[in-house]
Amino acid sequence: MRRIWQSIRSNSMAMAGLIITSLFLLSIVLGPILIPHSLTATAYDRILEAPSLAHPFGTDSYGRDVLVRVLYGARISLGISITGVTLAAVLGTLIGMAAGYIGRFYDSAPMRVMDLLFAFPAFVLALFLMVILGFGVANVALAIALVYVPIFARLARNMTVTIKSEPYVQAARLQGQSTIRLLCRELLPNISAPLLVQAGVGIAFGVIIESGLSFLGLGVQPPTPSLGVIMADGQEYFRRAPWVLTLTGLFVSAGLLGINLLGDGFRDLADPRLRKRTS
Amino acid sequence: MKILQYILLRVSGVLLTTLVGAAVVFFAMQAMPGDPALSALGEHASPEAIARFRAEHHLDAPLAQQFLHWLWGIMSADLGQSMTLASDVPISHLLVARIPNTVFIGIYAILLALMLAMTMGTIAAIKHGKAPDTIATSFAVLGVSMPDFWLGFVLILVFALTLGLFPAYGFESPLVSFAGALHSGFLPALAVAAPMAAVFARTLRSALLENMRKDYVTVARSFGFSRSFVFWNYIFRNSIIAFVVIVGLQVRYLLGGVVVIERVFGIPGIGSLMVDAAFARDYAVVQACAIVFLVTVLVVNLVVDIVCALLDPKRTR
């Protein structure tokens, strides 16, 4: 823990990432509580107002405060992305570790399936799944999971293959430890750091997938205010009130920038080649 | 000889993956609830009309037979007819009309991304640890943090609506006017290129930095070669392979970005066709578009692998 903190402190980019991410999370947790505007109450005398002190992001076509909707929408989008990436991380790690540890047929068969998923453009794969399953919050999370399963599976497999011939794993096996115990106690802790970094970066890209799908109208459906839904709204009156779409996107980009910077910092930490270089 | 063997092996792999991918797409679409005849003809269609529609589209045959029929159709460039999107128009016609636009935007975006990345990555590596490096690296992280369609709208707001330099909406086909396509396609290509340029620049920067530390650089310098000669002829050349590999990997994301951007800028391409078909529940068209995307990714990766094999023959072993 101390090592993580020290390395973040010595890396100004990671520090910036930590600060931005904390502010981002703090704002979406506290924001909707502190801001006096309602999420749903319409006010037809205040339609499409430009940003002001009372409404920093302006108002939308129903006169609702955009900032409150964005903060609330970020909760929904982040929730969807975290659900999808967690699902993918668990499933992908299981598949990858099994493939890497058992090997032979159990290696080639599932990994070829992963290769196939990898051959579709990420967004097209998500879109295709939405057409089959239908639109909605849960299915967007599933689509994000489908995009990320092959990535986690490959990562987990490759690291398992490298690590399984290490002396300490061999020693544990000779002690007569069961395969499950061996995978959980010896292998998983040693491959978890890069997987966690991948998950962090994945959550950022998951938010982009969600907002893209919902923006096209193929993801989360209104009135649920996800970030994509709010931006799709903003697109409709983009020429009259460009701030709705512009400021929403700016908020999303800032938040994801923080997550990505932090992820980069952790990646440096998890990469032993880079660690040696700094010490 | 070894390279030829390698190419043959990779080509057969691509064919096999396409076949399996086509099967997955086909059977996934069949598993979907709802009757395509009902969604095409409406809830109140007469039983005779439904029977006729089902016979026309071979919907009553066993699944395996339908699949073989469809697969045979793909081989002979007959993808069947659009059901709801454009009634009874052959899907191949829809695709042929739109593929040039998507290919144009895709290549345009890659070229822009390469130019941006080469400049940013090289400057960042040369000025390692100084202000230009920090700026280039920050831009690179920012590039992957922005939703691409949002960047598209920001570009429209600045360069089209405020400065009036480019059209805000619509696209001139490269087959009609190449200059017009270059002009009207600039903003969409830039929106697709930005996240890619970010990834490319980071890859190039770290590859350059790694090669700068190699012993051969010191040796070359001790021979009296100038700093810039060594950089361009040794370091840059050796860093290019990592760069080519990442271009292949990024095609997955590039094509995904194109889907959304085509909708933002109103470009009639494969991506917007797929989205329109998804809304119209025209499953045959969605299916066809998915196959086109699959084949594109596989073929680009094949080309990248072959280029890498030619650049670095060790890879074929």
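Residues numbered from 1 in each chain as written. Chains lettered and ligands numbered in written order. Predicted model: local features only at pLDDT ≥ 70, side-chain atom pairs only at ≥ 80, totals over all residues. Heavy atoms only, no water.

1. Side note on the overall build of chain B
Which entries qualify depends on this criterion: Only runs of H or I of at least four residues qualify as helices and only runs of E of at least two qualify as strands under DSSP, and these elements are numbered from the N terminus. Exposure categories follow from relative accessible area, calculated using a 1.4 Å probe and restricted to protein chains: below 20% of the type maximum is buried, above 50% is exposed, and the middle band is partly exposed. Residue contacts are defined here by distance: any two heavy atoms, one from each residue, within 4.5 Å place the two residues in contact. The accessible surface values rely on the Shrake-Rupley method and a 1.4 Å probe; as for residues, cover is taken only from the protein chains in view. Charge counting treats Lys and Arg as positive and Asp and Glu as negative, with His and both chain ends excluded. A charge is said to be at NZ when it belongs to Lys, at CZ for Arg, at CG for Asp and at CD for Glu.
From N to C terminus, chain B includes 13 helices and zero strands. Along chain B, helices (α) and strands (β) appear in the sequence α-α-α-α-α-α-α-α-α-α-α-α-α when read from the amino end. Overall, the C-alpha framework of chain B stretches about 85 × 55 × 35 Å when taken along its three principal axes. Within the span of chain B, comprising 317 residues, buried residues form 47% of the whole. Taking the intrachain contacts of chain B between residues at least 6 apart in sequence as the baseline, contacts between residues at least 24 apart amount to 71%. Surface accessibility of chain B: about 15,300 Å² in total, with carbon and sulfur atoms responsible for 68%. Within chain B, the 17 negative side-chain charges are centred at a point lying 22 Å from the centre of the 20 positive side-chain charges.

2. Some remarks on the pattern of salt bridges
Operational definition: What counts as a salt bridge is simple: a side-chain nitrogen of Lys or Arg found within 4 Å of a carboxyl oxygen of Asp or Glu.
Per the stated rule, a full pass over the model turns up five salt bridges over all chains. The shortest N-O distance in the salt bridge between Arg154(A) and Asp115(A) comes to 2.8 Å. Taken together, the residues Arg154(A) in helix 6 (residues 137–163) and Asp115(A) in helix 4 (residues 105–118) connect sequence positions 39 residues apart. Close ionic contact of Asp276(B) with Arg263(B) constitutes a salt bridge, the shortest N to O distance being 2.5 Å. Of this pair, Asp276(B) sits in helix 12 (residues 270–280) while Arg263(B) sits in helix 11 (residues 227–265), and the two are 13 residues apart along the sequence. Residue Arg263(B) is classed as partly exposed on the basis of its relative accessible area, which comes to 28%. Bridged by salt links that share partners, the residues Arg112(A), Asp115(A) and Arg154(A) form one connected network.

3. Quick look at the domain arrangement of chain B
All names here are of chain B. To keep things clear, this is the line we draw: Segment limits for the domains were obtained from an automatic or database-derived domain assignment. Buried area is calculated as the accessible area (1.4 Å probe) missing from two parts once they are joined, with the contributions of both summed.
What the domain assignment lists for chain B is domain 1 (2–75) and domain 2 (91–316). Put simply, the middle of domain 1 and the middle of domain 2, counted by C-alpha atoms, are 32 Å apart. Summed over the three residues of domain 1 that lose the most area to domain 2, namely Ile3, Tyr6 and Met29, the buried surface amounts to 31% of that side. For the pair domain 1 and domain 2, the number of links is one salt bridge.

4. Re the interface of chain A and chain B
Spelled out, the test is: In the analysis that follows, any N or O atom pair within 3.5 Å is treated as a polar contact, provided that within protein one partner can donate a hydrogen and the other can accept it, and provided that, for residues neighboring in sequence, both atoms belong to side chains.
Across the boundary between the two partners, chain A contributes 43 residues, which contact 49 residues of chain B. The contact between chain A and chain B buries some 4,000 Å² in all, and 78% of this surface belongs to carbon and sulfur atoms. At the junction of chain A with chain B, the criterion picks out zero salt bridges. The tally of links from chain A across to chain B stands at four residue pairs in polar contact (both at pLDDT 80 or more). Here the side of chain A that touches chain B takes 12 residues from helix 10 (residues 243–270) of chain A, the largest share from any one element.

5. Some points on helix 2 (residues 12–34) of chain A
The α-helix advances 3.6 residues per turn, and as a result positions three or four apart in sequence lie on the same side. As a reminder, the rule being used: One less than the residue count of a helix, multiplied by 1.5 Å, gives the span that helix is expected to have.
Between its terminal C-alpha atoms helix 2 of chain A stretches 31 Å, which fits the 33 Å expected from 23 residues at 1.5 Å a residue. Those residues of helix 2 of chain A that sit buried are Ala14(A), Gly17(A), Thr21(A), Phe24(A), Ile28(A) and Gly31(A).

6. Digging into the nonpolar core
Filter applied, for reference: The criterion is simple. A nonpolar core is a set of buried Ala, Val, Leu, Ile, Met, Phe, Trp, Tyr and Cys residues joined through side-chain atoms within 4.5 Å.
Core analysis: the largest hydrophobic core is formed by 175 residues, its most contacted members being Leu127(A), Phe215(A), Leu216(A), Leu95(B) and Met274(B). Ranked by residue count, the leading element in this core is helix 11 of chain B, at 18 residues. Those residues within four positions of Leu95(B) in sequence are excluded, and the remaining contacts are Leu79(B), Ile270(B), Leu273(B), Ala288(B), Cys289(B) and Val292(B).

7. Quick look at the layout of surface pockets
Selection criterion: A pocket here means an open set of points on a 1 Å grid, computed over the protein atoms alone, that has protein on both sides within 12 Å along at least five of seven lines. A cavity is instead a set of points where a 1.4 Å probe fits but cannot get out; residues with an atom within 4 Å of a point line either one. Grid points are joined across faces, edges and corners, and a volume is the space filled by probe spheres set on the points. Under the grouping applied here, Gly and all other residues not named as nonpolar or charged are polar, the nonpolar ones being Ala, Val, Leu, Ile, Met, Phe, Trp, Tyr, Cys and Pro and the charged ones Asp, Glu, Lys and Arg.
Empty space within the second largest pocket amounts to approximately 820 Å³. Sorting the residues of the lining of the second largest pocket by element identifies helix 4 of chain A together with helix 1 (2–30), helix 11 and helix 13 (283–311) of chain B as the ones contributing at least two each. The leading source of residues in the lining of the second largest pocket is helix 1 of chain B, at seven residues. Here the residues of the lining of the second largest pocket are counted per class, giving 14 nonpolar, four polar and seven charged. Residue-level mapping places the lining of the second largest pocket at the junction of two domains, with at least three residues from each of domain 1 (2–75) and domain 2 (91–316) of chain B.

8. Observations regarding the packing of helix 6 (residues 131–143) of chain B against helix 9 (residues 186–212) of chain B
Residue and element names in this part refer to chain B. Which entries qualify depends on this criterion: Axes here mean lines fitted to C-alpha atoms, for a helix over just the part in contact, with angles spanning 0 to 180 degrees between N-to-C directions. For classification, angles of less than 35 degrees are called roughly parallel, those exceeding 145 degrees roughly antiparallel, those between 65 and 115 degrees roughly perpendicular, and all remaining angles oblique. Crossing handedness is defined as follows: a turn of the near helix away from the far one that is anticlockwise and smaller than a right angle gives a left-handed crossing, while the clockwise case is right-handed.
Between helix 6 and helix 9, the least distance of the axes is 7 Å, while the angle of their chain directions is 135°. Judged by the inter-axis angle, helix 6 sits oblique to helix 9. Considering only the axes of helix 6 and helix 9, their crossing is left-handed. Taken together, the residues of helix 9 that come into contact with helix 6 (itself represented by Asp133, Thr137, Ala140, Val141 and Gly143) are Ala194, Pro195, Ala198, Arg202 and Arg205.

9. Thoughts on unusual backbone geometry
Cis geometry marks the peptide bond from Pro222(A) to Pro223(A); its omega dihedral reads 10°. Along the polypeptide, Pro223(A) turns up in the loop between helix 8 (179–216) and helix 9 (227–236).

10. Remarks on empty space enclosed by the protein
All names here are of chain A. The final tally for this structure, using the stated rule, is one cavity of 30 Å³ or more. If you add up the space inside the largest cavity, you get close to 40 Å³. Forming the walls of the largest cavity are Asp60, Val66, Arg69, Ile230, Asp233, Tyr237 and Val244. Secondary structure elements with two or more residues in the lining of the largest cavity: helix 3 (66–102) and helix 9. Here the residues of the lining of the largest cavity are counted per class, giving four nonpolar, no polar and three charged.

11. Regarding the side chain of Asn139(A)
You can see Asn139(A) is positioned in helix 6. The residues touching Asn139(A), leaving out its near neighbours within four places in the chain, are Met130(A), Leu133(A) and Gly134(A).

12. A look at the environment of Leu209(B)
Residues and elements named next belong to chain B. With respect to the secondary-structure elements, Leu209 resides in helix 9. Taking the C-alpha atoms as reference points, Leu209 and Ser239, 30 residues apart in sequence, are found 9.0 Å from one another. Excluding its chain neighbours within four sequence positions, the residues that come into contact with Leu209 are Ala125 and His128.

13. Looking at the side chain of Asn211(B)
Residue and element names in this part refer to chain B. Assignment of secondary structure puts Asn211 in helix 9. By relative accessible area, Asn211 is classed as buried at 8%. In this structure the side chain of Asn211 is engaged in a polar contact, spanning 3.2 Å, whose partner is the side chain of Tyr216. If near-sequence neighbours (up to four positions away) are discounted, Asn211 is found in contact with Tyr216, Val217, Ile235, Asn238 and Ser239.

14. Focus on the packing of helix 5 (residues 122–133) of chain A against helix 11 of chain B
Contact pair helix 5 of chain A / helix 11 of chain B: the axes reach a minimum separation of 6 Å and the direction vectors enclose 55°. Taken together, helix 5 of chain A and helix 11 of chain B sit at an angle that is classed as oblique. Seen from helix 5 of chain A, the contacting residues are Ala122(A), Phe123(A), Val124(A) and Leu127(A); seen from helix 11 of chain B, they are Arg252(B), Tyr253(B), Gly256(B), Val259(B) and Val260(B). Of the residues that constitute the contact of helix 5 of chain A with helix 11 of chain B, the class distribution is seven nonpolar, one polar and one charged.

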